[in-house]
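# Fold and geometry: a report
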Amino acid sequence: MALLNDEQVMLRDMAREWADNESPVAAFRKLRDAAPAERFDRGAWEAIGQMGWAGVVVPEEHGGSAFGYLSLGLVVEQLGRNLAASPLASTAVAASAIVMGDDDAAKSEWLPKLAAGEAIATLAFDEGARHDRQVSATVTGGKLTGTKKFVAEGDGADLFVVAATDGLYLVAKGEGVTVTHRHMADERSHADVSFDGAAATKLGGTDLTAAIADRATAVVAAEMLGMAESAFHQTNDYLKQRVQFGQVLSTFQALQHRMAKMLTELELMRSAVEGALEAIDAGRSDLDQAASLAKAVAGETLRLVSREMVQLFGGVGMTDEYAAGLYLKRAAVLEVMWGNTSWHRDRFARLNGY
């Protein structure tokens with residue numbers, strides 16, 4: 001478990017309190033039923049911007065706080081606990097691409113807006129149903145052409161960080177950009193985005209592409225950690241009050257063993273996820289390994305906990321009245337985002353010479 005400083009503890013507690021009071025699971029249900037085009041609450045996003053969370057990884061000279069990725073992960077984790085629908089993760093990582101890029105004009109133009117929550121950005125990398133880091137989008141004469149699939153938060157994005165054959169490019173929403181909503185099980189924003197001669201600004205080469213992908217992977221793992229923690233505690237609380245055969249379910253030894261197994265896996269998951277976030281902040285050369293380890297462990301653990309949540313809730317766990325199904329659906333989507341467990345296990349092995 002990471003050793004947090006006083007500012008990080010305060011940030012984590014603030015995010016937890018806000019998520020519980022202003023963005024509980026009930027807020028997601030309301031959003032899901034209303035189904036706005038952007039698939040998130042503009043009012044909640046404005047509040048996030050005002051609290052400075054969108055600028056956690058943005059330098060102070062551009063309006064951010066430069067608290068780092070561990071701090072960003074703490075916030076994303078707390079939002080993940082309640083399935084809060086927010087473009088925070090995508091915007092923050094996209095902002096990192098601009099920070100790490102070579103275009104000073106783009107930094108001056110976009111970073112203050114992103115840090116304040118006045119603009120939304122996202123990453124457009126994948127071109128197929130599976131994440132494989134193979135791209136065919138090309139840029140000729142400053143014009144980008146290609147199609148990206150399953151772009152998270154793509155419906156409401158003002159800015160896209162796009163992976164092309166020779167590196168990362170910045171493309172603003174507008175002429176040459178077509179966004180088509182893709183309906184997914186988690187009822188969140190996913191879009192197919194087509195670029196047809198869209199004006200593009202180069203941020204950096206393929207090394208930057210890999211670095212940003214690893215950052216996005218670690219942040220998704222942080223959301224998965226929050227979900228797994230919440231699903232575990234909701235299940236534990238249910239077992240303590242549900243009576244069956246004249247006994248409280250939590251007194252059954254077989255169920256105690258299952259809960260103990262999940263708790264152990266959650267502790268390992270937290271270690272792996274926080275380790276990846278710390279690797280980013282420390283600028284470690286093994287970030288690629290740390291990110292793949294975090295995502296592989298997160299995928300396995302969240303799958304276990306979300307499925308156990310449905311099973312241990314019993315029949316009611318299959319109904320929409322309870323939250324178990326919502327966690328299961330979001331878990332299924334996040335597991336494949338930025339590479340599933342098998343993909344990252346294979347990558348980790350290759351990085352270690354196997």
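Procedures and definitions
Residues numbered from 1 in each chain as written. Predicted model: local features only at pLDDT ≥ 70, side-chain atom pairs only at ≥ 80, totals over all residues. Heavy atoms only, no water. Helix = DSSP H or I, 4+ residues; strand = E, 2+ residues; numbered from the N terminus. Rg over C-alpha atoms; globule rule 2.2 N^0.38 Å. Areas by Shrake-Rupley, 256 points an atom, 1.4 Å probe, with all protein chains shown as cover. Salt bridge = Lys/Arg side-chain N within 4 Å of Asp/Glu carboxyl O. Buried < 20%, exposed > 50% of the residue type's maximum accessible area, 1.4 Å probe, protein only. Phe/Tyr/Trp six-rings, centres within 6.5 Å; stacked < 30°, edge-to-face > 60°. Lys NZ or Arg CZ within 6 Å of the ring centre and 35° of its normal. Arc of directions from axis to C-beta. Contact = heavy atoms within 4.5 Å. Core = buried A, V, L, I, M, F, W, Y, C linked by side-chain atoms within 4.5 Å. Pairing = 2+ DSSP bridges. Axes fitted to C-alpha atoms, helices over the stretch in contact; angles between N-to-C directions. Parallel < 35°, antiparallel > 145°, perpendicular 65-115°, else oblique. Left-handed = near helix turned anticlockwise from the far one by under 90°.

With that out of the way, let us pick up the overall build of the protein. Within the protein one finds 11 helices and 10 strands. In terms of overall dimensions, the protein is globule-like: its C-alpha atoms have a radius of gyration of 20 Å, near the 20 Å expected for 354 residues. The principal-axis extent of the C-alpha atoms belonging to the protein is close to 75 × 50 × 40 Å. Total accessible area on the protein stands at roughly 15,100 Å², and carbon and sulfur atoms take up 50% of it.

Further remarks concern the pattern of salt bridges. Scanning all chains against the criterion turns up 26 salt bridges. Across the pair glutamate 38 and arginine 42 runs a salt bridge, and its minimum N-O distance is 2.8 Å. A salt bridge links glutamate 308 to arginine 258; the nearest nitrogen and oxygen atoms lie 2.8 Å apart. Of this pair, glutamate 308 sits in helix α9 (residues 287-313) while arginine 258 sits in helix α8 (residues 253-282), and the two are 50 residues apart along the sequence. What makes arginine 258 partly exposed here is its relative accessible area of 29%.

Let us look at the packing of aromatic side chains. Within the structure shown, the criterion is met by five aromatic pairs. Summarising the aromatic geometry, the rings of tyrosine 238 and phenylalanine 313 are spaced 4.2 Å apart at their centres and angled 15° between planes, so their arrangement reads as stacked. Here phenylalanine 313 lies in helix α9 and tyrosine 238 lies in helix α7 (residues 206-241), a separation of 75 residues in the sequence. With respect to class, tyrosine 238 is no different from phenylalanine 313; both count as buried. Consider the rings of phenylalanine 313 and tyrosine 322, whose centres lie 5.8 Å apart with planes at 65°: the pair is edge-to-face. Clustering of aromatic rings is evident, with ring pairs tying together Tyr238, Phe313 and Tyr322. For the cation-ring pair, lysine 113 lies above tryptophan 110, with the distance from its terminal atom to the ring centre recorded as 5.0 Å. A cation over a ring is seen here: arginine 182 above phenylalanine 150, with NZ or CZ 4.2 Å from the ring centre.

Moving on to helix α2 (residues 25-34). Along α2, the residues classified as buried are Val25, Phe28, Arg29, Leu31 and Arg32. Axial view of α2: buried residues confined to an arc of 165°, hence all on one face. Pointing more than 90 degrees away from the buried face of α2 are the exposed residues Lys30, Asp33 and Ala34. Looking at the buried residues of α2, the elements they touch are α10 (324-336). The first or second residue beyond α2 is alanine 35, which carries a positive phi of 50°.

Turning to the nonpolar core, a few remarks are in order. The biggest cluster of nonpolar side chains holds 98 residues, and the ones touching the most others in it are Trp53, Leu72, Leu79, Leu88, Ile98, Leu123 and Leu168. Looking at this core, the element that brings in the most residues is α7, giving 17 residues. Every residue in contact with leucine 88, bar those within four places of it in the chain, is listed here: Trp45, Ile48, Trp53, Ala54, Leu72, Val75, Val76 and Leu79. Tyr169, Ala191, Val193 and Phe195 belong to the second-largest nonpolar core, a separate cluster that totals 16 residues.

In this section: the sheet that holds strand β6 (residues 177-181). Two strands in a sheet stick together by hydrogen bonds in their backbones, pointing the same way (parallel) or opposite ways (antiparallel). The strand order across the open sheet built from four strands is β2-β3-β7-β6, with neighbouring strands paired in antiparallel fashion. Only two strands of the sheet have a single neighbouring strand rather than two, namely β2 (138-140) and β6. Within the sheet, the average angular offset between the axes of one strand and its neighbour, ignoring direction, is 15°. Two elements, strand β3 (residues 143-152) and strand β7 (residues 190-199), share eight bridges in a ladder whose sense is antiparallel.

In space, the four strands of this open sheet follow the order β1-β4-β5-β8, with mixed pairing throughout. Of all the strands in the sheet, just β1 (121-124) and β8 (201-204) have a single pairing partner and so form its edges. Along the sheet, successive strands turn relative to each other by an average axial angle of 30°, direction set aside. Here α7 sits on the sheet and contacts β1, β4 (159-164), β5 (167-172) and β8; the angle it forms with β5, its principal contact strand, is near 75°.

Here the focus is the packing of helix α5 (residues 88-100) against α7. For the pair α5 and α7, the least separation of the axes is 10 Å and the interaxial angle reads 155°. The orientation of α5 with respect to α7, classified from their angle, is roughly antiparallel. For the pair α5 and α7, the sense of crossing is right-handed. Residues Ala89, Val93, Ser96, Ala97 and Met100 of α5 touch α7, and the partners they reach there are Leu208, Ala211, Ile212, Arg215, Ala216 and Val219.

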